[in-house]
Protein chains: 2
Amino acid sequence: MPAMTTRPQQGRRRAHALSKAQIVRAAIEILDRDGEHALTFRALSARLATGSGAIFWHVADKEDLLAAATEEIIARLVAEPGNDMEPKRAIRAVALAVFDAIDAHSWLGGQLFRNPAQPAALRISEMIGRSVQALGVPERALFNCWSALINYMLGVAAQNAANARQAHAEADRSAFLANVANRWAHLDPTEFAFVRQVADELRDHDDREQFLAGIDLILAGIGTLTRRADPSP
Amino acid sequence: MPAMTTRPQQGRRRAHALSKAQIVRAAIEILDRDGEHALTFRALSARLATGSGAIFWHVADKEDLLAAATEEIIARLVAEPGNDMEPKRAIRAVALAVFDAIDAHSWLGGQLFRNPAQPAALRISEMIGRSVQALGVPERALFNCWSALINYMLGVAAQNAANARQAHAEADRSAFLANVANRWAHLDPTEFAFVRQVADELRDHDDREQFLAGIDLILAGIGTLTRRADPSP
DNA sequence: ACCTGAACACCGTTCAAGT
DNA sequence: ACCTGAACACCGTTCAAGT
């Protein structure tokens, strides 16, 4: 009976012991609700009702935290998009999934972009690579076709995220676009003839459609290199 | 004679009065030599032998300073590349000029990327737009072709800048690439079959060639939409 | 009109001290 | 082993005071 008393009474200090997963989840919530700049160790530790040092016990630094958050989102997305679809459809599906994820979490674009070699981005690269290969592009061109698609995807996606950040400052997205379009429409006519011309289209274009059109353009270019005339295996 | 004495003796306070152009030039030097993170108002004011407040008199904030630096570089570059070249050649020339500028000033990529509506970026957009139009793409597809090219250009360029920043931390570029390639080569064979396969090519690829290959791929896709069979006007 | 530089309100990160 | 929170070394930006 006295022997049992020796046992330390554990698990009383805090309802849930802090875990990296829990920290990352809280970070994502702050990022989604209040934007990239709002994620500070002070805000995060306040929300988790702990000291900043506690967070640094589980997380190396801010970069590590952001990478983990990115990984978490990509992991949720990477599960489904069709592994056994026809290649072009598969590429479009993956591209749209990434686009939508970045649309929903505007901080994600900059993150994937800043570090394209992180595991989360690699998983996307792998899916695209397999589909490009299945498309039947010759060995020599494989690397370039793959990298063009990846670069375009990540580029546009991050670009849109940057726009979203700026649009957030102004009233909303459509007001922001209208503003830019208006500014463009009043540029010098001889120096900026083309930009003036597309200003209208900018006002009411659909980012998602535009993004997909670019993918299709690259796919059409890739089609140019493909030997097989018969689409069936 | 006494009237002349009333005149304040001017220009004695400092050899060169501070100007925005001078501040921007100093900022570019710091950015180029020591990287993006080294540009602080303290470092800048130390180099200009003045107080930080003096800089804020000429410059609204850090964003303004970076935008002005970007503008300065693009202005230097935008002068030459062939206005009366054949369209495809013109597009390649502009794209390469931008690529090389970003290669020479690694901070430039992130900057153009972060704010693609700034005048500097617009000037690039205009040149690309005119060439795409000259290519003879149908009215409806113009906007999408143009935006695909711009997005790709800015995307890859900024991507490369991000890589350069990371490579700077490690020994040098080729060592950095060798490291990444090595990491890729040891990934799980079933989960990352494709990435493992291209790891070799990553090690000794030429960024510039890869970039141009992507441009050509998009141009090939655009060619798919073009009616005119006769290349001569 | 333009410059000075201390001061303010923040950051990310560390670390002695606690449990 | 894990948590606390004051402290450190920075930031960008402001502003009373000078010339």
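(A) Region of the structure containing the overall build of chain A. Helix and strand content of chain A: twelve helices and zero strands. Here chain A holds 233 residues, and the buried ones make up 46% of them. A sequence separation of at least 24 residues applies to 65% of the contacts in chain A between residues at least 6 apart. Counting every atom, chain A has about 12,300 Å² of accessible surface; 52% of that belongs to carbon and sulfur.

(B) Geometry of the environment of Asp-188 of chain B. All names here are of chain B. Note on placement: Asp-188 falls in the loop between helix H10 (173-185) and helix H11 (193-203). Look at Asp-188 and you get partly exposed, because its relative accessible area is 37%. Spatially, the C-alpha atom of Asp-188 lies 39 Å from that of Thr-224, the residues being 36 residues apart in sequence. Engagement of the side chain of Asp-188 in a polar contact is seen with the side chain of Thr-190, the distance being 3.0 Å. A polar side-chain atom of Asp-188 sits 2.7 Å from the main-chain amide nitrogen of Glu-191.

(C) Main features of the layout of surface pockets. Counted as a void, the second largest pocket has a volume near 1,100 Å³. In this structure, the second largest pocket is lined by 36 residues; those nearest its centre are Glu-36, Trp-107, Gly-110, Arg-114 and Arg-165 of chain A. Every element with two or more residues in the lining of the second largest pocket is listed here: helix H2 (20-34), helix H5 (62-78), helix H6 (87-104), helix H7 (106-114) and helix H9 (139-169) of chain A together with helix H7 (106-114) and helix H9 (139-169) of chain B. The element contributing the most residues to the lining of the second largest pocket is H7 of chain A, with six residues. Residues of the lining of the second largest pocket, tallied by class, amount to 13 nonpolar, eleven polar and twelve charged.

(D) Structural detail: the side chain of Gln-210 of chain A. Note on placement: Gln-210 of chain A falls in helix H12 (residues 207-223). For Gln-210 of chain A, a relative accessible area of 12% puts it in the buried group. Dropping the residues within four chain positions of it, Gln-210 of chain A is found in contact with Tyr-152 and His-205 of chain A together with Phe-143, Asn-144, Ser-147 and Asn-151 of chain B.

(E) Up close: the protein's contact with DNA strand D. The local shell around DNA strand D holds 19 residues, among which Thr-50, Gly-53 and His-58 of chain A together with Arg-42 and Lys-62 of chain B are the closest. Each atom of DNA strand D within 4 Å of the protein was assigned to sugar, phosphate or base; sugar and phosphate come to 45%. At 2.6 Å from a phosphate oxygen of DNA strand D is found a side-chain nitrogen or oxygen belonging to His-58 of chain A. At 2.7 Å, a side-chain N or O of Arg-42 of chain B approaches a base nitrogen of DNA strand D. The set of elements that each furnish at least two residues to the surface near DNA strand D consists of helix H4 (52-58) of chain A together with helix H3 (41-47) and helix H4 (52-58) of chain B. For the surface near DNA strand D, the element with the highest residue contribution is H4 of chain A, accounting for five residues.

(F) Seen up close, the confidence of the model for chain A. All names here are of chain A. For chain A, mean pLDDT is 85; residues scoring 70 or higher make up 86% of the total. No element of chain A has a lower mean pLDDT than helix H1 (residues 2-6), which averages 34, and none a higher one than H4, which averages 98. Overall, residues 1-13 carries pLDDT values under 50, and its contacts beyond four positions in sequence, including any with other chains, amount to zero contacts. Note that residues 229-233 has pLDDT below 50 and, in this model, zero contacts with residues that lie over four places away or in other chains.

Procedures and definitions
- Residues numbered from 1 in each chain as written.
- Chains lettered and ligands numbered in written order.
- Predicted model: local features only at pLDDT ≥ 70, side-chain atom pairs only at ≥ 80, totals over all residues.
- Heavy atoms only, no water.
- Helix = DSSP H or I, 4+ residues; strand = E, 2+ residues; numbered from the N terminus.
- Buried < 20%, exposed > 50% of the residue type's maximum accessible area, 1.4 Å probe, protein only.
- Contact = heavy atoms within 4.5 Å.
- Areas by Shrake-Rupley, 256 points an atom, 1.4 Å probe, with all protein chains shown as cover.
- Polar contact = N/O pair within 3.5 Å; in protein donor to acceptor, adjacent residues only side chain to side chain.
- 1 Å grid on protein atoms, 1.4 Å probe; cavity = no way out; pocket = protein on both sides within 12 Å on 5 of 7 lines; lining within 4 Å.
- Points joined across faces, edges and corners; volume = space filled by probe spheres on them.
- Nonpolar A, V, L, I, M, F, W, Y, C, P; charged D, E, K, R; others polar.
- Near = heavy atom within 4 Å.
- pLDDT = per-residue confidence, 0-100.

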